[in-house]
Amino acid sequence: LLPLPAGLPLRAQARFHMVHCALGYIGSRFDCYASAGDAVRLFRSLGDESMLVNALVTQAMVAAYRGATDEAGAALAEAQALLRPEWPAPQRAMLALAWSLWHISCDRCDLAMSAALQQVDSRLESGDVVGVQVARLNTGYYEGFLGAHDAAITRLLAALTELRRLHASRGIGWALEC
């Protein structure tokens with residue numbers, strides 16, 4: 001897929017890099033990491049602040065998974081400064097998720113939990129019933145890190161039960177192992 005064809009419009013290049021880095025953020029592959037930086041650079045040059053925030057959030061998640069905590073923190077700080085309250089709640093939820101991943105990668109479990117709770121609130125605000133349960137899985141995961149194992153199990157089982165009830169247990173394979 002890379003390099004991209006010559007003459008491809010900047011917006012198309014930026015969107016390609018955004019998809020590429022988003023698809024691989026959990027695996028922390030270097031090409032996804034490089035695409036995250038390209039997406040940030042291109043959306044910044046286009047002046048598209050909303051997509052720049054999305055790219056910065058994804059860049060932060062890739063960086064956190066790769067152990068580049070300084071870069072992740074800088075991307076998150078920039079994204080937070082750019083975020084506008086009128087932008088969609090799912091965008092705030094993704095930023096909260098990224099903050100939680102960054103905090104956990106820095107061994108700050110209490111702050112990871114706080115960010116995960118913000119993710120739940122943003123998903124509730126958006127009306128995304130599946131996203132709420134996935135966010136609740138994150139809070140259960142962090143409760144385990146905080147040593148509240150009984151509460152973590154209770155929260156995880158409740159979220160898993162609701163996801164199954166909604167026929168929406170896709171993408172939660174890690175949680176099914178709990």
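Details of the structure are given in the entry above.
Residues numbered from 1 in each chain as written. Predicted model: local features only at pLDDT ≥ 70, side-chain atom pairs only at ≥ 80, totals over all residues. Heavy atoms only, no water.

1. Notes on the packing of aromatic side chains
Then, number 1: The full count for this structure, using the stated rule, is 4 aromatic pairs.
Then, number 2: Arranged with centres 5.5 Å apart and planes meeting at 70°, the rings of tryptophan 99 and tryptophan 102 form a pair that is edge-to-face. Of the two residues, tryptophan 99 and tryptophan 102 are both situated in helix H5 (residues 89-105); the distance of 3 residues between them amounts to about one turn of the helix. Residue tryptophan 99 shares its accessibility class with tryptophan 102, and that shared class is buried.
Then, number 3: One aromatic cluster in this structure is built from Tyr141, Tyr142 and Phe145.
Then, number 4: Between arginine 66 and the ring centre of tyrosine 33, over which it is positioned, the NZ or CZ distance is 4.6 Å. (Phe/Tyr/Trp six-rings, centres within 6.5 Å; stacked < 30°, edge-to-face > 60°. Helix = DSSP H or I, 4+ residues; strand = E, 2+ residues; numbered from the N terminus. Buried < 20%, exposed > 50% of the residue type's maximum accessible area, 1.4 Å probe, protein only. Lys NZ or Arg CZ within 6 Å of the ring centre and 35° of its normal.)

2. Quick look at H5
Then, number 1: The end-to-end C-alpha distance of H5, which contains 17 residues, comes to 24 Å, matching closely the 24 Å that a straight helix rising 1.5 Å per residue would cover.
Then, number 2: Among the 17 residues of H5, 14 are classified as buried, and the element is accordingly described as predominantly covered.
Then, number 3: One or two residues past the end of H5 sits aspartate 107, with phi positive at roughly 60°. (Expected span 1.5 Å × (residues − 1).)

3. Some words on unusual backbone geometry
Then, number 1: Even without glycine at this site, aspartate 107 takes up a positive phi of about 60°.
Then, number 2: With respect to the helices, strands and loops of the structure, aspartate 107 is situated in the loop between H5 and helix H6 (109-126).
Then, number 3: A positive phi angle, close to 55°, is found at histidine 167, a residue other than glycine.
Then, number 4: Tracing the backbone shows histidine 167 in the loop between helix H8 (149-165) and helix H9 (173-176).

4. Details of the pattern of salt bridges
Then, number 1: Taken as a whole and judged by the stated rule, the model has 8 salt bridges.
Then, number 2: A salt bridge links arginine 11 to aspartate 48; the nearest nitrogen and oxygen atoms lie 2.9 Å apart. Here arginine 11, found in helix H1 (residues 10-23), pairs with aspartate 48, found in the loop between helix H2 (30-46) and helix H3 (49-66); they are 37 residues apart in sequence, far enough to count as distant.
Then, number 3: Across the salt bridge formed by arginine 155 and glutamate 143, the nearest N and O atoms sit 2.9 Å from each other. With a gap of 12 residues between them, arginine 155 in helix H8 and glutamate 143 in helix H7 (residues 129-145) connect regions that are remote in the sequence.
Then, number 4: Judged by relative accessible area, arginine 155 falls into the partly exposed class, the value being 26%. (Salt bridge = Lys/Arg side-chain N within 4 Å of Asp/Glu carboxyl O.)

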